[in-house]
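# Structure assessment
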Amino acid sequence: MSNSINQALCQYVQPEQLGECSYRCSKCHQMVTAFKTVTVHQPSNVLTLCLNRFDIFSNRKIKKSVAYPECLDLRCYTSEPNGTPILYNLYAVLVHAGTTCNSGHYFCYVKGPNGNWYKMNDNSVTSVDIKIVLKQEAYLLFYIRTPDNQTCTVSSTADSEQPITSKQRGISSTADSEQP
């Protein structure tokens with residue numbers, strides 16, 4: 001497993017040798033070595049990256065730290081690596097809390113339309129700093145493509161987790177109502 005998303009993407013697009021003398025050349029009729037290369041041909045508007053967090057033999061969780069950026073340029077991993085940047089902003093991180101693929105709990109961090117980050121855990125929503133988001137053992141990363149000619153935006157929020165009331169979320173309930 002790679003140490004960062006950028007390192008994993010670099011490894012993903014590296015040519016892979018399929019074997020010695022795998023194909024017969026149609027011109028010289030000699031057996032030649034074959035290579036396979038995988039790249040992103042047409043970048044999507046939403047980029048979802050899944051990190052392998054479970055060992056396939058033991059079902060145990062892989063707790064390795066993998067760095068991921070708030071802003072990602074996908075250009076060098078595409079079929080046409082030269083050109084203008086293809087920028088993506090991180091907007092959600094799904095985290096698995098638990099020790100195996102058969103048990104545990106999922107929660108996520110989501111970037112709100114106001115640019116602030118929130119931890120969503122069942123019925124609680126907590127405001128968090130981007131530094132906390134970027135330190136998670138992510139399972140799924142969700143990026144959204146920025147419009148052409150725009151740069152990625154970087155968050156600036158408080159350093160600690162702040163609870164968000166249901167009124168702040170735009171939800172009303174009797175518990176949040178003022179009593180006469």
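A brief look at the structure comes next. (Residues numbered from 1 in each chain as written. Predicted model: local features only at pLDDT ≥ 70, side-chain atom pairs only at ≥ 80, totals over all residues. Heavy atoms only, no water.)

## Things to note about the overall build of the protein chain
Here is the rule we go by: Only DSSP runs of H or I with at least four residues qualify as helices, and only runs of E with at least two residues qualify as strands; both kinds are numbered from the N terminus onward. Think of it in three bands: residues with accessible area under 20% of the maximum for their type are buried, residues over 50% are exposed, and the middle band is partly exposed, with areas taken using a 1.4 Å probe on protein chains only. Contacts between residues were defined by any pair of non-hydrogen atoms, one from each residue, lying within 4.5 Å. Here the accessible surface of atoms and residues is derived via Shrake-Rupley with a 1.4 Å probe, and residues count as covered only by protein chains that are part of the display.
Counting its secondary structure elements, the protein chain contains two helices and 10 strands. Along the chain direction, N to C, the helices and strands of the protein chain fall in the order α-β-β-β-β-β-β-β-β-α-β-β. Relative to its 180 residues, the protein chain shows a buried fraction of 32%. The long-range fraction of contacts in the protein chain, counting pairs at least 24 apart against all pairs at least 6 apart in sequence, stands at 61%. Taken as a whole, the protein chain presents about 11600 Å² of accessible surface, with 52% of it coming from carbon and sulfur.

## Some remarks on the environment of Arg75
As for its placement among the helices and strands, Arg75 is situated in the loop between β4 (71-73) and β5 (87-97). Taking the C-alpha atoms as reference points, Arg75 and Ile86, separated by 11 residues in sequence, lie 5.1 Å from one another. With residues near it in sequence (within four places) discarded, Arg75 still touches Glu80, Pro81, Asn82, Gly83, Thr84, Pro85 and Ile86.

## Regarding the side chain of Thr146
With respect to the element layout, Thr146 can be found in the loop between β9 (138-145) and β10 (162-163). We classify Thr146 as buried; its relative accessible area is 8%. Leave out the neighbours within four places in its chain, and Thr146 touches Leu87, Tyr88, Asn89, Thr151 and Cys152.

## Quick look at the layout of surface pockets
The line we're drawing: Both site types are read off a 1 Å grid over the protein atoms alone. A 1.4 Å probe that fits but cannot get out defines a cavity, while an open set with protein on both sides within 12 Å along at least five of seven lines defines a pocket; lining residues have an atom within 4 Å of a point. Grid points are joined across faces, edges and corners, and a volume is the space filled by probe spheres set on the points. Classes in brief: Ala, Val, Leu, Ile, Met, Phe, Trp, Tyr, Cys and Pro nonpolar; Asp, Glu, Lys and Arg charged; the others, Gly included, polar.
Space inside the largest pocket adds up to approximately 430 Å³. Surrounding the largest pocket, 15 residues form its lining, Ile5, Ala8, Leu9, Leu49 and Cys50 being those nearest its centre. Those elements giving two or more residues to the lining of the largest pocket turn out to be α1 (5-12) and β3 (46-50). It is α1 that provides the largest number of residues to the lining of the largest pocket, a total of five residues. Broken down by class, the residue content of the lining of the largest pocket amounts to 12 nonpolar, three polar and no charged.

## Observations concerning the pattern of salt bridges
We apply this condition: What counts as a salt bridge is simple: a side-chain nitrogen of Lys or Arg found within 4 Å of a carboxyl oxygen of Asp or Glu.
Enumeration according to the criterion identifies two salt bridges in this entry. For Glu16, the salt bridge goes to Lys36, with nearest N and O atoms at 3.5 Å. Placement of Glu16 in strand β1 (residues 16-24) and of Lys36 in strand β2 (residues 31-36) is noted, with a sequence separation of 20 residues between them. Its salt-bridge partner being Lys111, residue Glu70 comes within 3.9 Å of it at the nearest N-O pair. Here Lys111 lies in strand β6 (residues 105-111) and Glu70 lies in the loop between β3 and β4, a separation of 41 residues in the sequence. Of the two residues, Glu70 and Lys111, neither departs from the other in class, the shared state being buried.

## Description of the environment of Cys152
Mapped onto the fold, Cys152 is located in the loop between β9 and β10. For the pair formed by Cys152 and Cys71, sequence separation is 81 residues and the distance between their alpha carbons is 5.8 Å. Contacts of Cys152, omitting those with residues within four sequence positions, involve Cys71, Leu72, Leu87, Tyr88, Asn89 and Thr146.

## Things to note about the environment of Glu137
Its location among the elements puts Glu137 in the loop between α2 (130-133) and β9. You can call Glu137 partly exposed: its relative accessible area is 23%. Sequence separation between Glu137 and Leu51 is 86 residues; the distance between their C-alpha atoms is 9.2 Å.

## A short note on the nonpolar core
We count it as follows: Here, the term nonpolar core denotes a set of buried Ala, Val, Leu, Ile, Met, Phe, Trp, Tyr and Cys residues that are joined through side-chain atoms within 4.5 Å.
Core analysis: the biggest nonpolar cluster contains 25 residues, and Val93, Leu141 and Tyr143 have the highest contact counts within it. Those elements giving two or more residues to this core turn out to be α1, β3, β5, β6, α2 and β9. The residues contacting Tyr143, other than those within four sequence positions of it, are Asn45, Val46, Leu47, Leu49, Tyr68, Pro69, Glu70, Leu72, Tyr88, Asn89, Leu90 and Tyr91.

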